[in-house]
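Residue-level listing of the chains:
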Amino acid sequence: MLNLEELPTGQDIMALAASVVAQEFDAVIIGAGFSGMYQLLSLRDKLGLKARVLEAADGLGGTWYWNRYPGARCDSESHSYSYYFSKELLAEWNWTERYPEQPEILRYLNHVADRFDLRRDIQLNTRVKSARYDKAANRWTVTTEQGEIFQCTYFITAVGCLSSANVPKIDGLNDFGGDWYHTGQWPHEGVDFTGKRVGVVGTGSTGIQAIPVIAAQAKHLTVFQRTANYSIPARNAPLTEEFKRYAKEHANDIHVIMNSNTNAHPFYIKSRSVFDVSDDEREQIFEAAWAKGGLAFRAEFSDTLLDARANKVVADFIRRKIRAIVKDETTAELLADIDHPFAAKRPPVDSHYFETYNLPHVDLVNIRKHPIERITSSGIKTAEKVYPLDIIVFATGFDAMTGSLLKIDIEGRDGLRLKDAWHAGPRNYLGLQVPGFPNMFTVTGPGSPSVLCNMPPAIEHHVDWITNCIAHMREHGVRCIEADDQAAHSWVLEVNEAANSTLLPSATHSWYLGANVPGKPRVFMPYAGGFAKYRKIVEERTQAGYQGFSLST
Ligand code: NA7
């Protein structure tokens, strides 16, 4: 007998049709964060292309959609953590605090989406499963987990550098009777820590932001520290009207500064050496920078990240500060026992992080000495003892830079898979294109300054380059652009050389090196030669006729 309830509805039929008929676009962009949104706007409104953004989440914002953990805030100052492509947008948006908090950044990005009418070309709840290049057709076929198929000429990954959560594989996690969360996949309804015994694993930038906020609510907080970390006080505060006016009036100058320095922040690294000044003078400089707070602390001297002796002088000042703040001597020693040079791992900035350890209900556990053995039904068991917990928070970072890309099955020319091309680590040219993957572009991919920078200027630079490149292709009848193998080979050497001329690789367990993810190849991923130098290299090679790329008509 005919069962009417089992008959497909109109919606089912539409979904089925959509799943088998490929939808045609000029460009498909993966990700609706800072990168994907600006890439859409550029291709659609500047070049008039038919473009579609595919986004796994049910809202836009990328990193800032997922990272809703307590205390989530950007370490870049708000006036610099903005798009600069639109004078009108700069003029109308008002940040409220020195460092923007996650909800405010999300409001900003939603405002941008509305202001530039981006939503109609952003498809949410759509996770891309695979992308394949068809050489004969010179088209990419992008398939989603729902079975939808999109075809396009230009395939752009705007998947973010820190978006693939790294949940450590610890025995017994499934047996845990309480709740556990990763900071990068935080529940939208929030977590109530009131009256709870909470454990936080991880003391990177995220843990350092979250710990004071969780401590303010929890009954008891145990922090499980594997590697002690430096941190500089953020000195967050509401922005004064005077500063807001200044930032707007000087937007052009600020933009020039960001684009012409090492880290794309709105300040230059000073040219003096740690050893150019007397001990007294240096102490005063450090004290003033500590009082001012923020990432500019590392910009006081030119050799902080270049010379181990200079770095030790800076590091020792921070260690002294930690010992002065933290009252319990054992805890202070554990926090100050830092095994890598200052800023060789991403230096966190904090709001009362070290002060939190003076609270009577906050404990620090050394899991370098007594590693976590397993998670039990009631807590975390280290080699030394069991810590009873109601909630575990993993602030354990990300499979950074390559994780999100490699989760997608990307197949380029002649059946070459990205995961095979990158089996020994990411290999590309200028962080923009991978040999064997024609017309595929990566926004702030490995091999670009990206995570060593304030991200929005780095993103705008890449998106503008990709947009100009596609415009050039269309003007000159170029069907296809692909990075040359030899150019990629040389660029990987340049990326290594740039890293090796700094102290960055000496933090051997940093996520810059992929060392935080077991089994990941150890390759220094971002380009450490500086944003300004990188921009110059890209500009020169582009002006030289897209040197290092093959353009075919
Ligand atoms: P990070 O900087 O990668 O920090 C992760 C922290 O978690 C760090 O302290 C790690 O210790 C610790 N960790 C990672 N895996 C484990 C395991 N298995 N056991 C114990 N501890 C572990 O990530 P964040 O989210 O803090 O920051 C990422 C970036 O976001 C940041 O740099 C900014 O750019 C914004 P480890 O140091 O590996 O010993």
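Note that this is a predicted model, so its numbers are computed, not measured.

(A) Representation of the overall build of the chain in the model. For the chain, the helix and strand inventory stands at 17 helices and 22 strands. Seen through its principal axes, the chain has C-alpha atoms that stretch 70 × 70 × 50 Å. Taking all 553 residues of the chain together, the buried fraction comes to 57%. For the chain, the accessible surface area stands at approximately 23,500 Å², while carbon and sulfur atoms represent 50% of it. Averaging the positions of the 58 positive and the 66 negative side-chain charges in the chain gives two centres separated by 2 Å.

(B) Structural view of the side chain of Lys 244. By the element assignment, Lys 244 lies in helix H7 (residues 241-249). Sequence-distant contacts of Lys 244, that is, excluding residues within four places in its chain, are made with Asn 94, Trp 95 and Leu 239.

(C) Highlighting helix H16 (residues 485-500). Between its terminal C-alpha atoms H16 stretches 23 Å, which fits the 22 Å expected from 16 residues at 1.5 Å a residue. Here H16 has its buried residues at Ala 487, Ala 488, Trp 491, Val 495, Ala 498 and Ala 499. Taken around the axis of H16, the buried residues stretch over an arc of 110°, which confines them to a single face. Residues of H16 that are exposed and point over 90 degrees away from its buried face: Gln 486, Glu 497 and Asn 500. Summarising the contacts, the buried residues of H16 are in contact with helix H17 (531-543).

(D) Geometry of the domain arrangement of the chain. Here the chain is partitioned into domain 1 (7-60 + 118-164 + 400-552) and domain 2 (173-394). The C-alpha centroid of domain 2 is placed 31 Å from the C-alpha centroid of domain 1. Counting residues at the interface gives 20 residues for domain 1, matched by 25 residues for domain 2. The largest per-residue losses of area from domain 1 upon contact with domain 2 belong to Asn 454, Leu 503 and His 509, which jointly make up 33% of the total buried on that side. Between domain 1 and domain 2 we count zero salt bridges in total.

(E) Focus on empty space enclosed by the protein. On inspection of all chains with the given rule, the structure shows four cavities of 30 Å³ or more. Surrounding the largest cavity, 17 residues form its lining, His 79, Leu 90, Trp 93, Trp 95 and Lys 248 being those nearest its centre. Among the elements of the structure, helix H4 (87-92), H7 and helix H8 (251-259) are those that each provide at least two residues to the lining of the largest cavity. Among the elements that take part in the lining of the largest cavity, H7 stands out by supplying four residues, more than any other. Here the lining of the largest cavity is composed, by residue class, of 12 nonpolar, three polar and two charged.

(F) Highlighting the sheet that holds strand S3 (residues 51-54). Spatially, S4-S3-S2-S8-S20 is the arrangement adopted by the five strands of the open sheet, whose pairing is parallel. The open sheet has two edge strands, strand S4 (122-123) and strand S20 (440-442), and neither has a second partner. Strands in contact with helix H2 (residues 34-46) are strand S2 (27-30), S3, S4 and strand S8 (154-157); relative to S2, the strand with the most contacts, it is inclined by about 165°. Helix H15 (residues 455-475) contacts S8 and S20 of the sheet and is inclined by roughly 160° relative to S20.

(G) Layout of the site of the ligand. As a structural note, the neighbourhood of the ligand is formed by 19 residues, with Thr 203, Thr 206, Arg 226, Thr 227 and Lys 345 the closest of them. At 3.5 Å from an oxygen atom of the ligand is found a main-chain nitrogen or oxygen belonging to Gly 204. A distance of 3.3 Å is found between an oxygen atom of the ligand and a side-chain nitrogen or oxygen belonging to Arg 346. Each residue belonging to the shell around the ligand can be placed in one class, and the counts come to seven nonpolar, eight polar and four charged.

(H) Spotlight on the environment of Gly 199. Mapped onto the fold, Gly 199 is located in strand S10 (residues 197-201). Sequence separation between Gly 199 and Val 362 is 163 residues; the distance between their C-alpha atoms is 9.9 Å. Apart from residues no more than four positions distant in its own chain, Gly 199 is found in contact with Thr 222, Phe 224, Leu 389, Ile 391, Ile 392 and Val 393.

(I) Inspection of the state of the cysteines at higher detail. Overall, the coordinates contain zero disulfides when judged by the stated rule. For the unlinked cysteine Cys 161, the closest cysteine sulfur is that of Cys 453, found at 10.0 Å. Given a relative accessible area of 7%, Cys 161 falls into the buried group. Cys 469 takes part in no disulfide bond, and the closest cysteine sulfur to it belongs to Cys 480, at a distance of 10 Å.

(J) View of the pairing of strand S18 (residues 391-394). Neither face of S18 is open: one carries Ile 391 and Val 393, the other Ile 392 and Phe 394, and all of them are buried. Relative to S18, strand S9 (residues 179-182) runs parallel, the two being bridged by four bridges. Within S18, the residue paired with Tyr 181 across the bridge is Val 393. Note: S10 against S18, four bridges, orientation parallel. For Val 198, the partnering residue across the bridge sits in S18 and is Ile 391.

Here is what the cut-offs are and how they apply
Residues numbered from 1 in each chain as written. Predicted model: local features only at pLDDT ≥ 70, side-chain atom pairs only at ≥ 80, totals over all residues. Heavy atoms only, no water. Helix = DSSP H or I, 4+ residues; strand = E, 2+ residues; numbered from the N terminus. Buried < 20%, exposed > 50% of the residue type's maximum accessible area, 1.4 Å probe, protein only. Areas by Shrake-Rupley, 256 points an atom, 1.4 Å probe, with all protein chains shown as cover. Lys, Arg positive; Asp, Glu negative; His and termini not counted. Charge placed at Lys NZ, Arg CZ, Asp CG, Glu CD. Contact = heavy atoms within 4.5 Å. Expected span 1.5 Å × (residues − 1). Arc of directions from axis to C-beta. Domains from an automatic or database assignment. Buried area = accessible area lost by both parts, 1.4 Å probe. Salt bridge = Lys/Arg side-chain N within 4 Å of Asp/Glu carboxyl O. 1 Å grid on protein atoms, 1.4 Å probe; cavity = no way out; pocket = protein on both sides within 12 Å on 5 of 7 lines; lining within 4 Å. Points joined across faces, edges and corners; volume = space filled by probe spheres on them. Nonpolar A, V, L, I, M, F, W, Y, C, P; charged D, E, K, R; others polar. Pairing = 2+ DSSP bridges. Axes fitted to C-alpha atoms, helices over the stretch in contact; angles between N-to-C directions. Near = heavy atom within 4 Å. Polar contact = N/O pair within 3.5 Å; in protein donor to acceptor, adjacent residues only side chain to side chain. Disulfide = S-S within 2.5 Å.

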